[in-house]
Amino acid sequence: MQTKYLIIGSSHAGLTAAEEIRVHDAGGSLTMLTMEDCLPYSPTILPYIVEGKVEEKLIYLRDEKYFQEKNINFLKGKKVVNIDAKASKVSLADGSEIAYEKLLVATGGNPTVPPVPGLKEANYLVLQTMEDARKINEVAKNAKHAVVMGTGLVGMHAAEALGKKGLQVELIRGRRRAVLPNYFDSDAGKLIHQVFLDNGINCDLDKHVKEVESANGKSKVVLDSGEALETDLLVVGTGVKPRIDFLGDSGIQADKGILVDNMMKTSVENVWAAGDVAQAADFYGKEKVLTGILPDASDQGKIAGLDMAGDKAVNLAFDEIGGQAALSYRGGVSMNTFNFYGNKSFSVGLSLANEEDGYEIDTMSLPTSCMYQKLVFDGDFLVGAVGINVTLDPGILVNIIRLKIDLKDKKAEFASNPLDMSRRIMWDSWRGAINTAG
Amino acid sequence: MGNAYNTLVVYPEKCNGCGECEKACAKAKADSTDIVHSRIKVLKNLEDEYFGPVVCMQCGEPSCVKSCPAGALTKNPETGVVEWDEDKCVSCTICTLGCPYGGIYYNPLMSNVMKCDHCGGDPECVKVCEPKAIEYKTEANVYKDQGEREDLFAPGLAACLGCNMEILIRHTLRHVGPNTVLAAPPGCVPGIAVVGINGFTGTKVPSFHPLLTNTASMLAGVRRYYKHIGRDVQVLALAGDGGAADVGFQSLSGAAERGEEVLFVCIDNEGYMNTGMQRSGTTPYGSWTSTTPVGSSLPGKSGDQKYMPLIMLMHNCEYVATAVMAYMEDYHEKLEKAIQASKKGFAYLHVFSPCTTGWRYPQEKTMEVQRQAVATNTFPLWEYEREAEKFAFTHPVDNPTSMEDYIGMLGKFRHLSKEQIDHHRNTVATRINLLKAIAEEGIKPLKAAV
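Here the structure is a predicted model, which is why all the values come from computation and not from measurement.

## Side note on the interface of chain A and chain B
Piece 1. Residue-level contacts link 43 residues of chain A with 39 residues of chain B.
Piece 2. Across the chain A to chain B interface the summed buried area is about 3,500 Å²; carbon plus sulfur atoms make up 58%.
Piece 3. At the boundary of chain A and chain B, one finds one salt bridge.
Piece 4. Linking Lys 302 of chain A and Glu 61 of chain B is a salt bridge whose minimum nitrogen-to-oxygen distance equals 2.5 Å.
Piece 5. The tally of links between chain A and chain B comes to 13 residue pairs in polar contact (both at pLDDT 80 or more).
Piece 6. Sorting the residues of the side of chain A that touches chain B by element identifies α1 (12-24), α7 (294-308), β19 (335-340), β20 (343-349), α9 (394-402) and α11 (418-437) of chain A as the ones contributing at least two each.

## As for the pattern of salt bridges
Oppositely charged side chains can pair when the atoms bearing their charge come close.
Piece 1. Throughout the structure, instances matching the rule amount to 57 salt bridges over all chains.
Piece 2. The salt bridge partner of Asp 206 of chain A is Arg 177 of chain A, with a shortest N-O separation of 2.7 Å. With a gap of 29 residues between them, Asp 206 of chain A in the loop between α6 (186-198) and β11 (209-215) and Arg 177 of chain A in the loop between β10 (168-172) and α6 connect regions that are remote in the sequence.
Piece 3. Using a relative accessible area of 49% as the deciding quantity, one classes Arg 177 of chain A as partly exposed.
Piece 4. Residue Glu 22 of chain B pairs with Lys 44 of chain B through a salt bridge whose shortest N-O separation is 3.1 Å. Remark: Lys 44 of chain B occurs in the loop between β2 (41-42) and β3 (53-54) and Glu 22 of chain B occurs in helix α1 (residues 20-30); sequence separation between them is 22 residues.
Piece 5. Accessibility expressed as a relative area gives 3% for Glu 22 of chain B, which makes it buried.
Piece 6. Given the relative accessible area of 33%, Lys 44 of chain B is considered partly exposed.

## Details of the environment of His 193 of chain A
Residue and element names in this part refer to chain A.
Piece 1. One can find His 193 in helix α6.
Piece 2. Accessibility expressed as a relative area gives 14% for His 193, which makes it buried.
Piece 3. Spatially, the C-alpha atoms of His 193 and Thr 151 are 9.6 Å apart, while their sequence positions differ by 42 residues.
Piece 4. Sequence-distant contacts of His 193, defined by excluding residues within four places in its chain, comprise Val 179, Cys 203 and Leu 205.

## Remarks on the domain arrangement of chain A
Residue and element names in this part refer to chain A.
Piece 1. Once the domains are mapped, chain A shows domain 1 (2-110 + 241-316), domain 2 (124-238) and domain 3 (335-437).
Piece 2. Centre-to-centre, using C-alpha coordinates, domain 1 lies 31 Å away from domain 2.
Piece 3. Contacts between the two partners involve 18 residues from domain 1, matched on the other side by 15 residues from domain 2.
Piece 4. Summing the contributions of domain 1 and of domain 2, the shared interface buries around 1,400 Å²; its carbon and sulfur component is 62%.
Piece 5. Sorting the residues of domain 1 by area buried against domain 2 places Leu 46, Val 50 and Glu 51 first, and these three jointly supply 41% of that buried surface.
Piece 6. At the junction of domain 1 with domain 2, the criterion picks out three salt bridges.
Piece 7. Put simply, Arg 134 and Asp 37 hold a salt bridge, and the shortest N to O gap is 3.5 Å.
Piece 8. The interface formed by domain 1 and domain 2 contains eight residue pairs in polar contact (both at pLDDT 80 or more).
Piece 9. With six residues, helix α2 (residues 46-51) is the single largest residue contributor to the side of domain 1 that touches domain 2.

## A short note on the packing of α1 of chain A against α7 of chain A
Residue and element names in this part refer to chain A.
Piece 1. Axis separation between α1 and α7 bottoms out at 7 Å; the angle between their running directions is 35 degrees. For α1 against α7, the interelement crossing comes out right-handed. Residues His 12, Ala 13, Thr 16, Ala 17, Glu 20, Ile 21 and His 24 of α1 touch α7, and the partners they reach there are Leu 294, Ala 297, Ser 298, Gly 301, Lys 302, Gly 305, Leu 306 and Met 308.
Piece 2. Tallied by class, the residues present in the contact of α1 with α7 amount to seven nonpolar, six polar and two charged.

## Quick look at the environment of Ile 401 of chain A
Residues and elements named next belong to chain A.
Piece 1. By the element assignment, Ile 401 lies in helix α9.
Piece 2. Once the C-alpha coordinates of Ile 401 and Val 348 are considered, the two residues, 53 residues apart in sequence, prove to be 8.7 Å apart.
Piece 3. Here Ile 401 is in contact with Phe 283, Tyr 284, Val 333, Val 348, Gly 349, Leu 382, Val 383 and Gly 384, once residues within four sequence places are set aside.

## Quick notes on the pairing of strand β2 (residues 30-33) of chain A
Residue and element names in this part refer to chain A.
Piece 1. Going residue by residue along β2, you find Leu 30 and Met 32 tucked away on one face and Thr 31 and Leu 33 tucked away on the opposite face as well.
Piece 2. In this fold, the crossover linking strand β1 (residues 2-8) to β2 by way of α1 has right-handed handedness.
Piece 3. One ladder, built from four bridges, connects β2 with strand β3 (residues 72-75); its direction is parallel. Counterpart to Leu 30 in the pairing with β3 is Ile 72.

## A word on the domain arrangement of chain B
How big an interface is tends to be stated in terms of the accessible area lost upon association of its parts.
Piece 1. The assigned domain composition of chain B is domain 1 (7-137) and domain 2 (141-449).
Piece 2. With centres defined by C-alpha atoms, the gap from domain 1 of chain B to domain 2 of chain B works out at 40 Å.

## Observations regarding the sheet that holds strand β13 (residues 228-231) of chain A
All names here are of chain A.
Piece 1. Taken together, the three strands give an open sheet; going across it, the order is β11-β12-β13, and neighbouring strands pair in antiparallel fashion. The two strands at the open ends of the sheet, each matched to only one other strand, are β11 and β13. Strand-to-strand twist in this sheet, taken as the mean axis angle between neighbours without regard to direction, amounts to 20 degrees.
Piece 2. Strand direction decides the pairing type here: strand β12 (residues 218-223) and β13, joined by four bridges, are antiparallel. Across the sheet, residue Ser 219 finds its bridge partner in β13, namely Thr 231.

## Some thoughts on helix α4 (residues 130-141) of chain A
Residues and elements named next belong to chain A.
Piece 1. If you check α4, its first and last C-alpha atoms are 17 Å apart, about what twelve residues at 1.5 Å a residue would give, namely 16 Å.
Piece 2. Among the residues making up α4, those that are buried are Met 130, Asp 132, Ala 133, Ile 136, Asn 137 and Ala 140. Down the axis of α4, the buried side of the element spans an arc of 160 degrees, and every buried residue falls inside it.
Piece 3. In the core, the buried residues of α4 are packed alongside α2, β8 (124-125), α5 (153-164) and β14 (233-236).

Reading the values: rules and limits
- Residues numbered from 1 in each chain as written.
- Chains lettered and ligands numbered in written order.
- Predicted model: local features only at pLDDT ≥ 70, side-chain atom pairs only at ≥ 80, totals over all residues.
- Heavy atoms only, no water.
- Contact = heavy atoms within 4.5 Å.
- Buried area = accessible area lost by both parts, 1.4 Å probe.
- Salt bridge = Lys/Arg side-chain N within 4 Å of Asp/Glu carboxyl O.
- Polar contact = N/O pair within 3.5 Å; in protein donor to acceptor, adjacent residues only side chain to side chain.
- Helix = DSSP H or I, 4+ residues; strand = E, 2+ residues; numbered from the N terminus.
- Buried < 20%, exposed > 50% of the residue type's maximum accessible area, 1.4 Å probe, protein only.
- Domains from an automatic or database assignment.
- Axes fitted to C-alpha atoms, helices over the stretch in contact; angles between N-to-C directions.
- Left-handed = near helix turned anticlockwise from the far one by under 90°.
- Nonpolar A, V, L, I, M, F, W, Y, C, P; charged D, E, K, R; others polar.
- Right-handed = clockwise from strand over helix to strand, strands pointing away.
- Pairing = 2+ DSSP bridges.
- Expected span 1.5 Å × (residues − 1).
- Arc of directions from axis to C-beta.

So this is what it looks like as structure tokens:
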């Protein structure tokens, strides 16, 4: 089989790239592969499937009709096992080969399993694919007790979902002694932690897994303290790493993920990578980083698609700053939302920064109402923000950070009334941009 | 081709912070008096006075849609509205990370995100906005309708960059349709290749190039001939102000007075711009032109502009109207009436058409110049229908903006002294007062006196 564009993976990065390619090249053959047996979906939705908040049939991001209309050859159950970049072809698990002119690797991540003795042999489940979600739901039907390992987004979310299903849930941290340590500082983390405790999730951060024993399909989680937890369902959500086990000797350079430039190009001709699999520019530093967040995957997919389709505008539209192509990737800003038991929280930018690092921190905390707000300033610039149950527009804050808007003498007012001020700044900046252009 | 969409437009400078839009939205969307349910938000509690509602802009490439893991947000290809599907939404609020303008918000009372949906095409907030800081622009309908029709103008043209005429000619020809004979007397209209280059016309309808002096009489003859052989052919003149108000006036006046069945469009760029920016009868007082230069002894044109639309109204035309391309819906409504009127008698449209080259303003400001001309009452929009005995403003401006806002945009007025600007103001005031008097009194015979 031969195709002009080949996209491995069918979540946000792959879908956005396909969309963009079709804007610029309506006719070039385009093939999209998924190793799964279903239509495209977002891994972000999986905890909600476990929770039962939404039905599986409702959440697919595209349907067959879309692929027909866009003339995209969407193939399910196709797992890539090797890339031969010299011959411009990929090999699939079923033995077939697909030759490409341009290739996008958007394979996302694989769950990591911590090196806990006995865990590999144990009957554990992860939550990265639709199949995983179905399995958890299947096991949870007859389960009374669950152990969730990992207090990151997946682990926390899974714990809440299983708790709501009526299981008794034991949530055990991973390497770091905190909840959501990538997004929330300890003050915010404590608030979130308390809500989980209040809702009946057992989560003692002093507990740490020593080893896992398994017998008769059941697992026994042994803690450092010697305590042993017998469980019907063991879920591991301790992290994700890029899915790159098929690179073989393709020559595609990878570190933690596939290394890409600002156009999402890999080190090898005609191969791009985007989304959770890509290790791309950082907004702050020079080191390339994994971001692993949804909006970034879409942004990167769009850039990759533009470049793959050879849209000249990408390279013509040079920005005034630094001569960088205007549409190229400027580095990811950390951002996420986390919603738990009816509470809303978000974290954007350098949300973990503290005063010792030379940042100015403005916090507001009302633990009894589970409210928390943190604004991080670097001089007159906003560089990070956290909110729990506060009314703010995270998207506006992200953009104030991204556009490096100088707050100047408005900083104090911004800190005291961030909602209206941030809206005003964003709308002024947008209108200003229109006026400058005009 | 993509669809054109109607838009909710916000003018923050007009907003007085009254918050009526929020109340109307909360009422319409949640039947509540609590404005937490409002999809439109007015900025408040700021140290300096600054208002302006914040509302979803229904982006062309919405970040919220791309960020939604549940497929609950979609851009409707027909209406352009970014739609939210409650059944699919899992309330993850990642969409609020994507939107850079706060167009989608989390509503803690409903435990859902919410966003503007244009109320299905009839936004409630617009209805209650007393200072008109929110408008629902439906021009898209015009573009959709006209987009269905054949473009009767050649793809290439030789106009200056930023010229108002391409949009005017394309829209006008699409609307009048293929059963048309077009006359384009000397001026910018033939100059940009309407009547052709090297033996080919720029239009897909028969077009010809009369003398500057005889456009209306030639068209009258064409119309009469076709009528004589039993064909109902639309005749149309696209003439400049020279071909209408100056050199072309005697034939225009004659044809109008005789009630010839002609549709005559005067594209008024206030001078002979095609031949090097000489002054014409419609050049306003004080304007720089190449024949009214600015120097030690002359401060631009010394006389006033003659106001053609009223002169034409007094010819007992079937229909007379003023229009600008910046108000496209208004233009199409008037054009339609003019087409109908020209089947019974003379129809005259006077289109104010700024010239980036001759008036010296940045080429991308052509529409803005028109808006300002209307906003300052320099060029009021009105129409007269003889049969209906109706004279009415179609875009009344009760609180005109400062004359300097308009004058300041144009290089041809750059030298104006304060006295000259005052002169302008007076001319404009006199004209608008006269027009208002006509509108108030109405144009009808004094039946009681007969």
